[in-house]
Amino acid sequence: MRHFLDLHTTDVAELRGILDQAVAMKTARAGWPKGRRDAELPLDGHVVALVFEKPSTRTRVSFDVGARQLGGSTLVLSGGEMQLGHGETIADTARVLSRFVDLIMIRTFEEATLTELAENASVPVINGLTDASHPCQIMADVMTFEEHRGPIRGAKVVWSGDGNNVCSSFLHAAGQFGFDFTFTGPASLDPAPGPVAFARSKGVKVEIERDPMKAVDGADLIVTDTWLSMHDPQSARERRHTLLRPYQVTAKLMGAAKPDVLFMHCLPAHRSEEVTSRVMDGPHSVIFDEAENRLHVQKAIMRWCLEV
Ligand code: CP
Ligand code: NVA
């Protein structure tokens with residue numbers, strides 16, 4: 001069974017194959033109306049369940065539209081409206097959904113929920129974000145970088161802000177695709193040790209630099225994300241804002257990197273918190289290509305999972 005659970009547990013040749021297919025599918029439908037189905041319909045007859053225990057705009061819409069473009073149909077399910085929210089176990093939910101659908105994408109809290117779902121499902125499971133990771137996002141980010149700048153191998157990526165779930169998946173990608181990664185942020189919000197160790201085990205340079213201006217020296221890509229993730233308590237908001245304010249991505253920070261540096265953000269962004277509007281809407285920003293590429297890369301992930 002081909003589950004798409006995390007970047008560090010999926011073979012890099014498979015990840016590269018997914019990216020190649022995403023680019024091919026994007027190219028093939030350039031200029032087409034969004035609702036037109038692809039020339040090939042490998043998901044014809046397949047049903048995809050999209051389970052959300054947290055809010056979503058991009059993941060929800062891109063998986064739904066993507067499955068339809070491939071000829072499949074979708075069910076968008078909110079965890080709170082399922083029996084899952086009323087005490088049914090994740091294992092039983094996995095067994096039941098597997099009798100009805102061909103593929104399950106889940107956005108949930110703990111990584112253990114994702115693992116339990118995958119262990120008990122008899123259909124492939126895709127990680128649509130957990131508290132610990134967001135692999136679909138980073139596949140789209142790698143695709144977007146390469147679309148604009150060519151191979152990401154050997155590039156320098158700088159993450160400014162909270163060492164959160166998206167940061168962890170970036171570190172996994174650094175190890176898998178061979179690029180250097182510098183984290184700049186407060187020590188109490190450092191990235192998780194596991195993803196740092198994974199990237200270092202693959203021989204890429206991972207640096208922690210508290211001074212954001214020094215961190216971005218030579219950067220090919222600067223990335224940030226919200227200061228308060230969906231799993232963080234609202235009570236942490238003020239403290240996090242104080243700690244993270246020096247790591248806001250500003251035009252000045254962008255100006256200290258390479259002249260052709262790119263800016264990415266998985267979105268949703270909080271303008272004038274983690275990034276200024278000048279950067280979001282500026283010439284280095286590729287945030288909407290990044291959002292669009294979720295569609296193409298996830299179509300390729302669904303095809304990979306179903307081997308179609
Ligand atoms: N980037 C991302 O996953 O966005 P959504 O939360 O809107 O799905
Ligand atoms: N780090 C954010 C990403 C949202 C797509 C969160 O988990 O809320």
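Being a predicted model, the structure only gives us computed values, none of them experimental.

Applying the stated rule across the entire model yields four aromatic pairs. With a centroid separation of 6.3 Å and an interplanar angle of 65°, the aromatic rings of tryptophan 159 and phenylalanine 170 are classed as edge-to-face. Of this pair, tryptophan 159 sits in strand S5 (residues 156-160) while phenylalanine 170 sits in helix H6 (residues 165-177); the two residues are 11 residues apart in sequence, bridging distant segments of the chain. Judged by its relative accessible area of 0%, tryptophan 159 is buried. We classify phenylalanine 170 as buried; its relative accessible area is 0%. Ring geometry for phenylalanine 170 and phenylalanine 181: centres 6.0 Å apart, planes at 35°, overall tilted. Of the two residues, phenylalanine 170 is situated in helix H6 and phenylalanine 181 in strand S6 (residues 180-184); the sequence distance between them amounts to 11 residues.

Another point: the UniProt feature "domain: Aspartate/ornithine carbamoyltransferase carbamoyl-P binding" (unreviewed entry) in the protein chain. Per the UniProt entry, the sites bearing "domain: Aspartate/ornithine carbamoyltransferase carbamoyl-P binding" (unreviewed entry) are residues 2-147 in this numbering. Helix and strand shares over residues 2-147 are 43% and 14% respectively, and the end C-alpha atoms of the span are 27 Å apart.

Bringing the site of ligand 1 into the picture now. Residues in close proximity to ligand 1 include Ser56, Thr57, Arg58, Thr59, Arg107, His134, Gln137, Cys266, Leu267 and Arg294, which together make up its full environment. Contact between ligand 1 and glutamine 137: a nitrogen atom at 2.9 Å from a side-chain N or O atom of the residue. Here an oxygen atom of ligand 1 and a side-chain polar atom of arginine 294 are 3.0 Å apart. In the complex, 95% of the free accessible area of ligand 1, which totals 250 Å², lies under the protein chains. Residue composition of the shell around ligand 1, by class: two nonpolar, five polar and three charged.

For helix H9 (residues 237-244), the full list of buried residues reads Arg240, His241 and Leu244. Projected onto a plane normal to the axis of H9, the buried residues spread over an arc of 100° and lie on a single side. Of the exposed residues in H9, the ones pointing more than 90 degrees away from its buried face are Glu238 and Thr242.

Take the packing of H6 against helix H7 (residues 193-201) next. Following both chains from N to C, one finds H6 and H7 inclined at 10°, their axes separated by 7 Å at the closest point. One finds that H6 runs roughly parallel with respect to H7. The crossing of H6 and H7 is left-handed. Contacts from Ser168, Leu171, His172, Ala174, Gly175 and Gln176 in H6 reach Pro195, Val196, Phe198 and Ala199 in H7.

This part is about the site of ligand 2. Neighbouring residues of ligand 2: Leu129, Asn164, Asn165, Val166, Asp225, Thr226, Ser229, Met230, Cys266 and Leu267. Between ligand 2 and the protein, one listed contact pairs a nitrogen atom with a side-chain N or O atom of serine 229 at 2.7 Å. For ligand 2, whose free accessible area comes to 270 Å², the fraction covered by protein is 95%. Along the lines of polarity and charge, the residues of the shell around ligand 2 split into five nonpolar, four polar and one charged.

Calculation notes
- Residues numbered from 1 in each chain as written.
- Chains lettered and ligands numbered in written order.
- Predicted model: local features only at pLDDT ≥ 70, side-chain atom pairs only at ≥ 80, totals over all residues.
- Heavy atoms only, no water.
- Phe/Tyr/Trp six-rings, centres within 6.5 Å; stacked < 30°, edge-to-face > 60°.
- Helix = DSSP H or I, 4+ residues; strand = E, 2+ residues; numbered from the N terminus.
- Buried < 20%, exposed > 50% of the residue type's maximum accessible area, 1.4 Å probe, protein only.
- UniProt positions renumbered as here; feature names shortened; annotations may be inferred.
- Near = heavy atom within 4 Å.
- Polar contact = N/O pair within 3.5 Å; in protein donor to acceptor, adjacent residues only side chain to side chain.
- Areas by Shrake-Rupley, 256 points an atom, 1.4 Å probe, with all protein chains shown as cover.
- Nonpolar A, V, L, I, M, F, W, Y, C, P; charged D, E, K, R; others polar.
- Arc of directions from axis to C-beta.
- Axes fitted to C-alpha atoms, helices over the stretch in contact; angles between N-to-C directions.
- Parallel < 35°, antiparallel > 145°, perpendicular 65-115°, else oblique.
- Left-handed = near helix turned anticlockwise from the far one by under 90°.
- Contact = heavy atoms within 4.5 Å.

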